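# Results of the structural survey
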Amino acid sequence: MYTLARRFSLATMIGMFLIIMMGALVTKTDSGLGCGYEWPLCNGKFVPAYTISSMIEYSHRAVTGLVGFLMLATFILVFKSVERKDAKYFVGGAALFTVIQAAMGAFAVVWPQSSAVLALHFGLSLLAFAMTLLLWLTFTKWGDYTVSVAREARHGESMVQPGSAPVAPGFRKFVWFIAVYCYIVVYVGAFVRHTESSGGCTGWPLCNGEVVPTLSGASGIVFFHRLAAAGILICGIILFIMARKNYRHLTNVYNGTKWVLVLLVAQVFSGALVTWSLGHETLFLFTAMIHAVLICALFGFISYLCVVMLSARKPIEKSTAGK
């Protein structure tokens, strides 16, 4: 049963990733009302008419329903066969966020919501994905969330004072700050999509040829998103420098900050590609989907670091991943 739980956790994680991608596709192709104002039926039918918008929206609903059943099965299997408390927390959080985001999706169809509320839908899906990712990692060699010391540090001079936490409180708080900040940036990006403000700034890095554009309407929304993205990139650089200076001997801490920075840089440039592809429908859709993929990877790594920071409050102890 433990092996089955591991397989279901992987399937659920992949399913949550597909939900996010398909949700982004629904938004980018304006297919949200492809099934009209009805749920769970699509334009009054179980099998919708073969239009592009209805098939995109209906496929998204179908995958969400399938992943919901996978989530339920995974939840039961984890609580029956896995002893690790963190695995139970992760599967519980994933189930909660899955139910909330699915309900919000249904409500958005039956009772149209404001752009501010719709933007939360993507963020909740991202939280559900992060929880399923952390859950799946508990079944792998990367799932020991305790701080791991590099081999060369183990056999050389100790870099951690006995009885002290391996990571300073300021660094731990900074990681959590970046996680919250990242979620805000993601929300603003979703708000840009749902308000159809992507064209508010033409060109990059300048906005409509100006360093500071008109701070109203679509240009103001996009410009605020760009400022927020620049801010989190700066935070990512500072975090990596701190880790490189003080925590290179802590393998998962240092590698985690390195990948967060790499993905932040990729995310910024993918955002530029989205702007440059405006006016080219197919290219714009492709770059927007790449942008969404990178968001999942980035938030996943930041979530991983957050969990590692929880164990970094205590002195390093030898531990193993597993049940």
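## Notes on the overall build of the chain
What the chain contains, in helices and strands, is 9 helices and 0 strands. Along the chain direction, N to C, the helices and strands of the chain fall in the order α-α-α-α-α-α-α-α-α. For the chain, the accessible surface area stands at approximately 16,400 Å², while carbon and sulfur atoms represent 69% of it.

## A short note on the packing of helix α7 (residues 217-246) against helix α8 (residues 251-276)
Look at α7 against α8: their axes get within 9 Å of each other, and the N-to-C directions meet at 155°. The orientation of α7 relative to α8 falls into the category roughly antiparallel. Remark: the crossing between α7 and α8 carries left-handed chirality. Residue-level contacts link R226, I232, L233, G236, I237, L239, F240, A243 and R244 of α7 to Y254, T257, K258, L261, L264, V265, V268 and T275 of α8. Tallied by class, the residues present in the contact of α7 with α8 amount to 11 nonpolar, 3 polar and 3 charged.

## Things to note about unusual backbone geometry
W204 connects to P205 through a cis peptide bond whose omega is 10°. Within the secondary structure, P205 is located in the loop between α6 (169-194) and α7. If you check the backbone angles, N208 has positive phi at about 55° while not being a glycine. Residue placement: N208 occurs in the loop between α6 and α7.

## Focus on the environment of S197
By secondary structure assignment, the location of S197 is in the loop between α6 and α7. It is 7.2 Å that separates the C-alpha atoms of S197 and S219, two residues lying 22 residues apart in sequence.

## Considerations on the confidence of the model for the chain
When pLDDT is averaged along the chain, the result is 83; 83% of the residues meet or exceed 70. With pLDDT under 50 throughout, residues 154-158 is counted as low confidence; its partners more than four residues away or in other chains account for 1 contact. Between residues 318-323, whose pLDDT stays under 50, and residues either more than four places distant or in other chains, the model counts 13 contacts.

## A look at the state of the cysteines
Evaluation of the coordinates by the stated rule reveals 1 disulfide. Between C201 and C207 runs a disulfide, and the two sulfur atoms are separated by 1.8 Å. In this structure the cystine formed by C201 and C207 twists about its S-S bond by roughly -80°; its chirality is therefore left-handed. Accessibility classification places C201 together with C207 in one group, the buried group.

## Quick word on the environment of F139
Counting through the fold element by element, F139 comes out in the loop between α4 (115-137) and α5 (151-155). In this structure F139 comes out as buried when scored by relative accessible area, which is 11%. With 57 residues separating them in the primary sequence, F139 and V82 have C-alpha atoms 9.6 Å apart. Ignoring sequence-local partners within four residues, the contact set of F139 consists of Y2, A5, R6, S9 and V82.

## Details of the packing of aromatic side chains
Taken as a whole and assessed by the stated rule, the structure comprises 13 aromatic pairs. Their ring planes at 55° and their centres at 5.3 Å tell us that Y2 and F139 sit as a pair that is tilted. With Y2 in helix α1 (residues 2-28) and F139 in the loop between α4 and α5, this pair connects stretches of sequence that are 137 residues apart. We classify Y2 as buried; its relative accessible area is 17%. The interplanar angle of 50° and the centroid separation of 5.8 Å between the aromatic rings of F177 and Y181 together place this pair among those described as tilted. Of this pair, F177 and Y181 both sit in helix α6, 4 residues apart, roughly one helical turn. Exposure remark for Y181: the relative accessible area of 18% places this residue in the buried category. Taken together through their ring pairs, the aromatic side chains of F90, Y145 and Y304 make up a single cluster. If you follow R193 out to its NZ or CZ, it ends over the ring of F122, 4.8 Å from the centre.

## Some remarks on the pattern of salt bridges
Under the definition given, this model contains 1 salt bridge. Two residues, R84 and D86, come together in a salt bridge whose shortest N-O distance is 2.6 Å.

## Considerations on the packing of α6 against helix α9 (residues 281-311)
In contact at an axis separation of 9 Å, α6 and α9 are set at 155° when each is read in the N-to-C sense. Compared by their axis directions, α6 and α9 come out roughly antiparallel. The way α6 lies across α9 gives a crossing that is left-handed. Each of F171, R172, V175, W176, I178, A179, C182, Y183 and V186 in α6 lies in contact with α9, whose residues at this interface are I295, L298, F299, I302, L305, C306, M309 and L310.

Cut-offs used in this document
- Residues numbered from 1 in each chain as written.
- Predicted model: local features only at pLDDT ≥ 70, side-chain atom pairs only at ≥ 80, totals over all residues.
- Heavy atoms only, no water.
- Helix = DSSP H or I, 4+ residues; strand = E, 2+ residues; numbered from the N terminus.
- Areas by Shrake-Rupley, 256 points an atom, 1.4 Å probe, with all protein chains shown as cover.
- Axes fitted to C-alpha atoms, helices over the stretch in contact; angles between N-to-C directions.
- Parallel < 35°, antiparallel > 145°, perpendicular 65-115°, else oblique.
- Left-handed = near helix turned anticlockwise from the far one by under 90°.
- Contact = heavy atoms within 4.5 Å.
- Nonpolar A, V, L, I, M, F, W, Y, C, P; charged D, E, K, R; others polar.
- pLDDT = per-residue confidence, 0-100.
- Disulfide = S-S within 2.5 Å.
- Buried < 20%, exposed > 50% of the residue type's maximum accessible area, 1.4 Å probe, protein only.
- Phe/Tyr/Trp six-rings, centres within 6.5 Å; stacked < 30°, edge-to-face > 60°.
- Lys NZ or Arg CZ within 6 Å of the ring centre and 35° of its normal.
- Salt bridge = Lys/Arg side-chain N within 4 Å of Asp/Glu carboxyl O.

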